[in-house]
There are 2 protein chains.
Amino acid sequence: MRTADLLLLGASQVVTVDGGRAGPKRGPRAMNQIGVIEDGAVAIHHGKIAAVGTTNEITAAFRGSRRIYCRGRTVLPGFVDAHTHPVFAKMRVDEFAMRCRGADYEAILAAGGGIHASAAATREAPVDDLARGVRARLDAFLRHGTTLVEGKSGYGLTFESEIKSLVALRRGAARHPVEVVRTFLGAHVVPAEFKADRAAYVQLLIDEMIPEVARRGLAEFCDVFVERGAFTVPEGEAILRAGKRHGLKAKVHADQFRDGGGALLAARVHATSVEHVDATRRKGIQALERARVVPVLLPSASLFTGLKHMPNGRRLIDAGLPVALATDYNPGTSPTENLGLVATLGCSLLGMTPEEVIVAITRNAAAAVGREAEHGRIAEGRRANLVILDAPSYTWLPYRMGTNLVHTVLVRGRAVVKNGRLVKAHP
Amino acid sequence: MRTADLLLLGASQVVTVDGGRAGPKRGPRAMNQIGVIEDGAVAIHHGKIAAVGTTNEITAAFRGSRRIYCRGRTVLPGFVDAHTHPVFAKMRVDEFAMRCRGADYEAILAAGGGIHASAAATREAPVDDLARGVRARLDAFLRHGTTLVEGKSGYGLTFESEIKSLVALRRGAARHPVEVVRTFLGAHVVPAEFKADRAAYVQLLIDEMIPEVARRGLAEFCDVFVERGAFTVPEGEAILRAGKRHGLKAKVHADQFRDGGGALLAARVHATSVEHVDATRRKGIQALERARVVPVLLPSASLFTGLKHMPNGRRLIDAGLPVALATDYNPGTSPTENLGLVATLGCSLLGMTPEEVIVAITRNAAAAVGREAEHGRIAEGRRANLVILDAPSYTWLPYRMGTNLVHTVLVRGRAVVKNGRLVKAHP
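Numbering of residues starts from 1 in every chain and runs along the sequence as written. For naming, the first written chain is A and the first written ligand is 1, with later ones following in the order written. Per-residue local features of the predicted model are confined to residues with pLDDT of at least 70, and side-chain atom pairs are confined, for both listing and counting, to 80 or more; whole-chain, interface and lining totals are unaffected and use all residues. Side-chain metrics rest on all non-hydrogen atoms present in the structure, leaving aside hydrogens and water.

**Considering the pairing of strand β4 (residues 66–77) of chain B**
DSSP calls a pair of strands paired once it identifies at least 2 bridges connecting them. Note on conventions: DSSP H or I runs of at least 4 residues are helices, E runs of at least 2 residues are strands, and numbering of each starts at the N terminus. Pairing analysis gives seven bridges linking strand β1 (residues 6–15) of chain B to β4 of chain B, with the strands arranged parallel. The partner of Val14 of chain B across the bridge, within β4 of chain B, is Val75 of chain B.

Here's what the structure looks like:
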């Protein structure tokens, strides 16, 4: 290893998130073992982590290397946002204002709002416009410390516009520092034109969309919204099993408003993750634990819509589940890219500790999107995606509510955010 | 007026917050008349607003002037944070972590935490250290669009350290773009050493601290925390009346946890504002309305401490009260300078409209701190303190939860924040 190519990054604190045993079956206390190294350092070589330890250990092992010491700062793994909806043509700020002025969601839907408004605009939009929107949102994720994002389609709801959405997601992320894991969510809702014949839409998903998505390699996951008003458990199961036959791993939006058996379905099809689970009861939680499904909790959506529903993070962790937290970034119910704020909500609203929320936006989130081999931890051989907080300890991330503490972001060892700003426009 | 000294600032939208009638008795609908000018412009001359209108009107009236047009952006009055505690020696991040890990507040107090920890550290700190802390926090307020802040003492709780705190507040704000209104809050809690003789502390406040604060011109307001565990209504009344005798206007922290008569006290002493009012019942609300007291609501503190208590913004507005929103910035229960996030919480949690939250962080907040003549509106003759949002409408401020949309801040017509960054270190 030529020392000329080495970068030693030291800081007041390095948090490896590499403390406990791997995998979902780590028990309720594992999420509090996050590997804190006071006065720590990371050695970076050709975009990968060569070593991590105390500054004394690392500087002794790698003499003569380029060194940066960040006094009073904290190094963490790049954040992972395991659940976002970033492909759409228009923010829904007017609908938000209507809702604040007293309109209920039914009235908004009747006025052509809600998800149907997103679908109408997304169907109209050229793919390059959608890709540009994705790219601008990835910039915002990056400024908030996120270097890996799961992104879903689901605002098209026709064969053409779902394919277009996934192409836009791929195109928007091309050569961007943020890596995107693509999920096909054609089963977001039944589109208005299929209201009278929902079975036909399910068949369209199974017979045409999923095969095309898989054939063109446009997604890695297939997701279904299992909820009253969206898809039933049998419909969801048929869609997810079709996805599996075509090599798409499963995710399930489940039990957001009531326990409708969505978590049980997620366990039955061995989904990688299950989303929301605000209302999941004991049987569902036990099934998730046995099937090693990662629950992805979305408290900013709960907050934005007035806290009518809220996941019980404490209970899920105490049941042994490897909880992840995500923004649920979308134009209707969670228009934020700020995982730091979500970390605050994990502590303030979900009964989680600062250690648990850090694991939930790094290691567990990487597991939720099938990227635990590269992302979410600072350990030898892993990709050098790192966040440097302008704070002396990781506890400040949830503590400094609504304040973006991200000072620097490295992706594959290269600074892409410095002093809170994007280093340059990406190609 | 020499046109060479004129700056014309145009934007997609200018919100004057100058729509309704002045004063607290404006009725429940007044807060929705915020004076929106699409394709608007502001003429600025020698640090003051010379005119505001449509871009066509303003450019016709002021020919040949220096012009800036902010396409896709929104101009608002500089935000006003009507309730903060910015003078203290140390953030209480460790206590936050303890609380998240399950310690209750009693245990934290017993371990020397809580407000007593702040008092111990603040008493030890040199005045210049406290002033530096204030200055750093004012920088953070400014980056989030706030150009006027009310700041309280109250972490000293001895004669010397309360005086020191107010001096630090004055010194920290000297020549800083953010204007600070100082409030004496020696009556924050009864300090530990007076536990056995609380009457002696009340006498110390009345006989020594208040006269000295007034004599040296260190504060404009006197505030009392009226709550179980802090001060009783009779104690609070004696302190506030002593303040009034020395020329200090009154504020009251009231009814945060239960209706203990604090709002009635605020009305009785004709306080300028009343803070928290989470639990105030109908009689208290009516009294506030009759006495024209401005309620200052603090939802970020409610959120950060787990939403056990929450003000009912909708009910207070519907009762005709000119509601203000503030951050309650402090190291224990609300470590955020982000009024935009507070605006989101006003919509999501307090039942307020986007228009009402804008008025609540500008015009009504200025009234809560006695600065309505200069701050909180865009109108001819007022100070040119302006915020330019990187968004095409004011509705985006509450909508884009946890995202700092502030692009530019002008103070007395001079840019002090550009592209989200402080223009320079202040002297």
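**Observations regarding the sheet that holds strand β3 (residues 48–54) of chain B**
Residues and elements named next belong to chain B. With mixed pairing, the eight strands of this open sheet are ordered in space as β3-β2-β1-β4-β13-β14-β15-β16. With one partner strand each, in any of the chains shown, β3 and β16 (421–422) form the two edges of the open sheet. In terms of strand pairing, strand β14 (residues 406–411) meets strand β15 (residues 414–418) through three bridges, oriented antiparallel. Counterpart to Val409 in the pairing with β15 is Val417.

**What about the relation of the copies chain B and chain A?**
A least-squares superposition brings the copies together, and it is based on the C-alpha atoms of residues with pLDDT no lower than 70 in both. Mapping chain B onto chain A is achieved by rotating through 180 degrees and translating by 0.0 Å along the same axis, at an RMSD of 0.0 Å. What we have between these two chains is a two-fold relation. Ranked by how close their C-alpha atoms come to the rotation axis, the residues of chain B are headed by Gly402 of chain B, at 2.6 Å. When checking whether two residues touch, look at their non-hydrogen atoms; a contact exists if any pair is within 4.5 Å. Interface overlap between copies: 100% of the residues of chain B at the interface are likewise at the interface in chain A, consistent with a symmetric, same-surface contact.

**Regarding the interface of chain B and chain A**
How big an interface is tends to be reported as the loss of accessible area on association of its parts. The interface is formed by 41 residues belonging to chain B together with 41 residues belonging to chain A. Defined here as a combined quantity, buried area equals the accessible surface (1.4 Å probe) lost by two parts on assembly, summed across both. Between chain B and chain A the total buried area reaches about 3,500 Å² when both faces are included, carbon and sulfur atoms providing 63% of it. Ranking the residues of chain B by area buried against chain A places Tyr399, Met401 and Arg421 of chain B at the top, with a combined share of 22%. What makes a salt bridge here is a side-chain nitrogen of Lys or Arg within 4 Å of a carboxyl oxygen of Asp or Glu, nothing more. Where chain B touches chain A, the interface holds four salt bridges. The salt bridge partner of Glu337 of chain A is Arg400 of chain B, with a shortest N-O separation of 3.2 Å. Broken down by secondary-structure element, the contributors of at least two residues to the side of chain B that touches chain A are α2 (93–100), α11 (299–304), α13 (339–350), α14 (354–360) and α16 (396–399) of chain B.

**Let's talk about the confidence of the model for chain A**
Detailed reading of predicted coordinates is not advised where the pLDDT is low. Residues and elements named next belong to chain A. pLDDT expresses how confident the predictor is about each individual residue, on a scale running from 0 to 100. Considering every residue of chain A, the mean pLDDT works out to 94; 96% of them sit at 70 or more. Residue range residues 21–25 is modelled with pLDDT below 50. Its contacts to residues more than four positions away, or to other chains, number ten contacts. Under the prediction, the complex receives an ipTM of 0.95, its pTM being 0.96.

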